[in-house]
Structure formats: C-alpha cells, structure tokens
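# What the coordinates show
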Amino acid sequence: MDRAGVDPLLPGLLDHLLRLIDQIDTQRELMGNVVDASLAIGANRMNEVMKKMTSWGAILIVATLIAGIYGMNFKNMPELGWHTATSAPSARMLLTTGGLYVYFKRKSWL
C-alpha cells in the first residue's frame, strides 16, 4: 500500500472491470440482433405461406361462388332454358380458376 492507503492494483482492476462490462454489453447487443434476425426470418416464411394460402383461397372462392349461384334452384333464370345451361357455368369456373392460377403463378405466389 502506498501513503494514501490505496492499493496500487485497484486502478488496473477497475480498468479490467470496465472492459469486461463493455464486452458483456457488446455480446448482449449481438445476441439481441441475432434474435431479431431470427424473428424476421420466421415472419418472412410465414408471409410466404400466407400468400400461398390466400392465393389458393382466392382461386377456390370463385368456383364456389359460381357453383353457389347456379345451385340455388332459381325458377326464372334465363340460362336454364339454354342447351349449355350446365356447361357454361362449368366453363366459367374452369376459366376463372385457371386464369387465377396462372396469374398467381406469374406473381410467384404459388
């Protein structure tokens, strides 16, 4: 000990402790960034899945809507007297479903 009663090793020890605290803070920040990146990757994957599910839902809802309208047993529908009464709605369903499939495929949603 010196004359002031302070151990000469204490300033060096304080310097080491401050460096260690800085390293711990840096590591904590890096871990937080890794967790944030992992969450972002998971969110991006979920967004891709949601796009695919939404696309398939949109494709199927059109055919469901057309089938629902023609399945209501209306008595006064002008199309019922036509000889293409069953093939026209089926063709519409196929065309719209196929068109939506091609559209979503081009957008890389499927």
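## Digging into the packing of helix α1 (residues 10-70) against helix α2 (residues 87-106)
Working note: a packed helix pair is described by the angle between its axes plus the distance between those axes. For the pair α1 and α2, interaxial distance at closest approach is 9 Å and the crossing angle is 170°. Classified by the angle between their axes, α1 and α2 sit roughly antiparallel to one another. Between α1, through Ser-55, Trp-56, Ala-58, Ile-59, Val-62, Ala-63, Ile-66, Ala-67 and Tyr-70, and α2, the contact on the second element is made entirely by Pro-89, Arg-92, Met-93, Thr-96, Thr-97, Leu-100, Tyr-101 and Phe-104.

## As for α2
The terminal C-alpha atoms of α2 lie 28 Å apart, and with 20 residues this matches the ideal 28 Å at 1.5 Å per residue to within 8%. Downstream of α2 by one or two residues, Ser-108 has phi in the positive range, about 60°.

## Brief notes about the pattern of salt bridges
Within this structure, the stated rule accounts for 3 salt bridges. Between Asp-25 and Arg-28 there is a salt bridge, and its shortest N-O distance comes to 3.1 Å. In this pair, Asp-25 and Arg-28 are both assigned in helix α1, 3 residues apart and thus about one turn of the helix distant. We classify Arg-28 as exposed; its relative accessible area is 54%. Put simply, Glu-48 and Lys-51 hold a salt bridge, and the shortest N to O gap is 3.3 Å. In this pair, Glu-48 and Lys-51 are both assigned in helix α1, 3 residues apart and thus about one turn of the helix distant. For Glu-48, a relative accessible area of 37% corresponds to the partly exposed category.

Cut-offs used in this document
- Numbering of residues starts from 1 in each chain and follows the order in which that chain's sequence is written.
- Local features in this predicted model are restricted to residues of pLDDT 70 or higher, and side-chain atom pairs are both shown and tallied only at a pLDDT of 80 or more, whereas totals for entire chains, interfaces and linings draw on every residue.
- The basis for every side-chain value is the complete set of non-hydrogen atoms in the structure, without hydrogens or water.
- Axis geometry follows a simple rule: fit a line to the C-alpha atoms, using only the stretch in contact for helices, then measure angles between N-to-C directions, giving values from 0 to 180 degrees.
- Only DSSP runs of H or I with at least four residues qualify as helices, and only runs of E with at least two residues qualify as strands; both kinds are numbered from the N terminus onward.
- Roughly parallel here means an angle under 35 degrees, roughly antiparallel means over 145, roughly perpendicular means 65 to 115, and every remaining angle is called oblique.
- Two residues form a contact once any of their heavy atoms are found within 4.5 Å.
- Helix span is expected to be 1.5 Å times the residue number reduced by one.
- In what follows, salt bridge is the name for a side-chain nitrogen of Lys or Arg lying within 4 Å of a carboxyl oxygen of Asp or Glu.
- Think of it in three bands: with a 1.4 Å probe and only protein chains considered, a residue is buried below 20% of the maximum accessible area for its type, exposed above 50%, and partly exposed in between.

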